[in-house]
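# Examination of the molecular architecture
The chain contents come next:
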Amino acid sequence: MAIQPIDKFCETLDPIVKNAVTIASIGSTIGREKTLAEAYPEENKAEHLRNLANQIRAIKPSENFEKAVNSLEKNGIKVLFASDAEEAQELILKIIKEKNAKNVVKVKSMTTEEIELNHFLEKNGIEAVETDLGELIIQIDNERPSHIVKPAIHRRRDDIARSFEKHKIAPYDEEPTHITLNARKYLRRKYFGADVVISGANYVLAEEGAIVLATNEGNSRFSMAGAKTHIAIAGFEKVIPSSRELSVFLNLLGRSATGQHSTVYTDFVRGAGSAKNSPEEMYVIFLDNGRSKILGSEFAEILKCMRCGACMNRCPVFRLVGGHAYRAVYPGPLGIVLSPLLAKDIAEYADLPKACTLCGGCAEVCPAKIPLPDLILKMRDKVKKENAKVANDINFKAWAILASSPKLWRLAMPFNRLANLVPLNLFKVGPLGRWLKTRTLPKFNGGKFRKWFSKNG
C-alpha cells in the first residue's frame, strides 16, 4: 500500500466519516468521566488506581514472564515463542495444518492485526472469520480497524446494512438491533463448524497460568465452545503477576475504553478442557516483534498500555481524522509512539509524531498513566536524529536561527509588513507551498507590538 501523508489523507475524508468518528470518540470520553466519578467519588481514588496500574507493570517483568511460562505449561498449555511477525504467522499456520483444520474463527485481537494474520492465512487457503461484530464489519470489506477497541467506529448503520446485503449476510436492514441479530445468525454457523479458535489475551496471569479475555459480545465463549484447538497470541508485556493485580486493571479497562463499569464478559482460560465445552488443546504464543528492544529503550513506558483506546477518544486530531489516517495498526497517540518502533523502517511512519498538538489530553486519561506527550516528543527527536524523511515537510533550520537570535529577529521585523502585502499565492510553490496548502496565515493586525519590540526587545 502506498504511503499517504496524514495531511493529504485528511483532505480526502468524507465529512460523514469525520462526524461518526468525532461523535463516538467524544461519547466514550464523556462515558469514561461519568463512570469513574460514579465508581470513585472520593478525591484522588481513581488517580490512585492509575498510579497502581503503572507501578504493577514495572514489577520484575522478566521474572513474571518466566513464572507465567512455567505456570501455563503446568496447566497443560503448550507455550511457544515468536521473535517477529513472520515467525508467529508460520507457527499458527503449522498448528492449523497439523490439526487438519478447515474452519477457523477469531476473537478480536490487535496482536493478530499487528502480524497481519488474516491476510497471511487467506494466502494459504485458510479462511479465518472474525467473530467480533466490529471486526466482522471491516473484514468483509477488507478494511483495517480504525480504532483498537471499536474497529468500525467510522462506519454508519446504513453503510453496514449495505455491506451485509452485498456480502449476502442479510437483506438490507439498518435497524441496529437487526444488524446485530443478523450477524449473530451468520456467526452461529461459523461457531458450530470451527476447528480452531484464535484469540489474543488482554492479560496473562503469571501465578495462575491463565489468560484473561475481556469482551462485550460473548463471542470468545461461543468460539471456544465448538473448536477443538485454541491458539492465543500475545505480546510478553501482557503478563501481570496475578489475579490480585488484575482487579486494578479491570476496574480501569471498561471505564476507560467504552464508558462501561465493566466489560460484559471476562473469561479466565486456564488450559484445554478446564471448562465444559472448551477446546481439547491450547497453545499460547508470546510475540516479541520489537518489544524486547523497546523494553530496554527510553520508550519502555509505552509497553504499559492497556489497549483501551482512551487516548484516541480524547485526542483532538484522532477525533477529526480517524484511525485510518495513521496508516498503521495502532493509531492515535499510542500509534504515534508505537508504530514507528514496531516498523522495520522508521521512515515509513516518520510523519506521525507531527500529528499531535501536544495538548496533553492523552496523558490525562491514560489509565496506565503513560506520559504520552513526553514519548511523542522523544519520538520526534528520534525521527530527526535518524534523518527519516517526512513527506510534505520543510526545513526549519533558517527559521530556528532567526527565531533564536534577537538581533536577527529585530532586523527581520520591518519585512513583516512587506510579506503581508505580497499575494500569498506567490508562496504556494515547492515545499513551502505544500506546507501552506493545509495551513492559513493570520491577517496582519497592526504593528504596535512590533514598534515596542524594536525599541525594547
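Note that the coordinates shown come from a computational prediction; the quantities given were computed from them, not determined experimentally. (Residues numbered from 1 in each chain as written. Predicted model: local features only at pLDDT ≥ 70, side-chain atom pairs only at ≥ 80, totals over all residues. Heavy atoms only, no water.)

## Some remarks on the overall build of the protein chain
A count of helical and extended segments in the protein chain gives 23 helices and 10 strands. A burial count over the protein chain gives 49% of its 457 residues as buried. Sequence separation of at least 24 residues holds for 75% of the intrachain contacts in the protein chain that already meet a minimum separation of 6. Within the structure as shown, the protein chain displays about 23,100 Å² of accessible surface, and the carbon and sulfur contribution to it stands at 54%. (Helix = DSSP H or I, 4+ residues; strand = E, 2+ residues; numbered from the N terminus. Buried < 20%, exposed > 50% of the residue type's maximum accessible area, 1.4 Å probe, protein only. Contact = heavy atoms within 4.5 Å. Areas by Shrake-Rupley, 256 points an atom, 1.4 Å probe, with all protein chains shown as cover.)

## Looking at the pattern of salt bridges
Counted according to the given criterion, the structure contains 21 salt bridges. Here arginine 144 ties to glutamate 116 by a salt bridge, and the two come within 3.0 Å at their closest N and O atoms. Highlighted residues: arginine 144 in the loop between helix H8 (133-140) and helix H9 (157-166) and glutamate 116 in the loop between helix H6 (110-114) and helix H7 (117-123), separated in sequence by 28 residues. Among the residues examined, arginine 144 registers a relative accessible area of 27% and is labelled partly exposed. Across the pair arginine 221 and aspartate 267 runs a salt bridge, and its minimum N-O distance is 2.4 Å. On the criterion of sequence distance, the pair formed by arginine 221 in helix H11 (residues 219-226) and aspartate 267 in strand S9 (residues 265-269) is long-range, its members being 46 residues apart. One network of salt bridges, with partners in common, ties together Glu114, Glu237, Arg291 and Arg307. (Salt bridge = Lys/Arg side-chain N within 4 Å of Asp/Glu carboxyl O.)

## A few points about the sheet that holds strand S2 (residues 104-106)
Read across the sheet, 6 strands follow the order S1-S10-S7-S4-S2-S3 without closing on themselves; strand pairing throughout is parallel. Two strands close off the open sheet at either side, each with one partner strand: strand S1 (78-82) and strand S3 (128-130). Direction aside, the axes of adjacent strands within the sheet are offset by 25 degrees on average. Strand direction decides the pairing type here: S2 and S3, joined by 3 bridges, are parallel. (Pairing = 2+ DSSP bridges. Axes fitted to C-alpha atoms, helices over the stretch in contact; angles between N-to-C directions.)

## So, the side chain of arginine 319
Here arginine 319 lies in helix H15 (residues 316-321). Only 2.6 Å separates the side chain of arginine 319 from the backbone oxygen of asparagine 313, close enough to count as a polar contact. (Polar contact = N/O pair within 3.5 Å; in protein donor to acceptor, adjacent residues only side chain to side chain.)

## Some remarks on unusual backbone geometry
Notably, glutamate 116 is not glycine yet its phi reads approximately 55 degrees, a positive angle. The residue arginine 327 is not glycine, and still its phi comes out positive at about 70 degrees. Relative accessible area serves as the criterion here: at 6%, arginine 327 is assigned to the buried category.

## Points about the nonpolar core
Within the largest apolar cluster, 66 residues are counted, with the highest numbers of intra-cluster contacts made by Ile302, Tyr326 and Leu334. Sequence-distant contacts of isoleucine 302, defined by excluding residues within four places in its chain, comprise Ile294, Leu334, Val337, Leu338, Leu341, Ile370, Leu372 and Leu375. (Core = buried A, V, L, I, M, F, W, Y, C linked by side-chain atoms within 4.5 Å.)

## Digging into the packing of H9 against helix H10 (residues 176-193)
Interhelical geometry of H9 versus H10 gives an angle of 30 degrees and a closest axis separation of 10 Å. Here H9 lies roughly parallel to H10, going by the angle between them. When you trace H9 past H10, the crossing you get is left-handed. The segment H9 lies against H10, with Arg157, Ile160 and Phe164 engaging Pro176, Ile179, Asn182 and Ala183. For the contact of H9 with H10, the per-class residue count stands at 5 nonpolar, 1 polar and 1 charged. (Parallel < 35°, antiparallel > 145°, perpendicular 65-115°, else oblique. Left-handed = near helix turned anticlockwise from the far one by under 90°. Nonpolar A, V, L, I, M, F, W, Y, C, P; charged D, E, K, R; others polar.)

## Regarding the environment of asparagine 313
Of note, asparagine 313 is situated in helix H14 (residues 310-314). Between the C-alpha atom of asparagine 313 and that of alanine 24, which follows or precedes it by 289 residues, the distance is 7.9 Å. Apart from residues no more than four positions distant in its own chain, asparagine 313 is found in contact with Ser25, Ile26, Ser28, Thr29, His147, Ser256, Ala257 and Arg319.

## Describing H8
Counting buried positions along H8 yields 7 of 8 residues, so the element is predominantly enclosed. Close packing links the buried residues of H8 with H6, S3, H9 and H10. Here H8 starts with a cap whose side-chain oxygen sits 3.0 Å from the backbone nitrogen of glycine 134, and that cap is aspartate 132. Backbone geometry just after H8 places asparagine 142 at a positive phi near 55 degrees.

## Some remarks on empty space enclosed by the protein
A complete count under the given rule lists 2 cavities of 30 Å³ or more for this structure. Counted as a void, the largest cavity has a volume near 100 Å³. Taken together, 13 residues form the lining of the largest cavity, with Cys305, Cys311, Cys366, Ile370 and Leu372 sitting closest to its centre. Grouping the constituent residues of the lining of the largest cavity by class yields 12 nonpolar, 1 polar and no charged. (1 Å grid on protein atoms, 1.4 Å probe; cavity = no way out; pocket = protein on both sides within 12 Å on 5 of 7 lines; lining within 4 Å. Points joined across faces, edges and corners; volume = space filled by probe spheres on them.)

## Considerations on the sheet that holds strand S8 (residues 239-240)
The strand order S8-S5-S6-S9 describes an open sheet built from 4 strands, whose pairing is mixed. Of all the strands in the sheet, just S8 and S9 have a single pairing partner and so form its edges. Here strand S6 (residues 210-215) pairs with S9 via 5 bridges, running antiparallel. Its bridge partner lying in S9, alanine 214 is registered against threonine 266. Here H11 sits on the sheet and contacts S6 and S9; the angle it forms with S9, its principal contact strand, is near 40 degrees.

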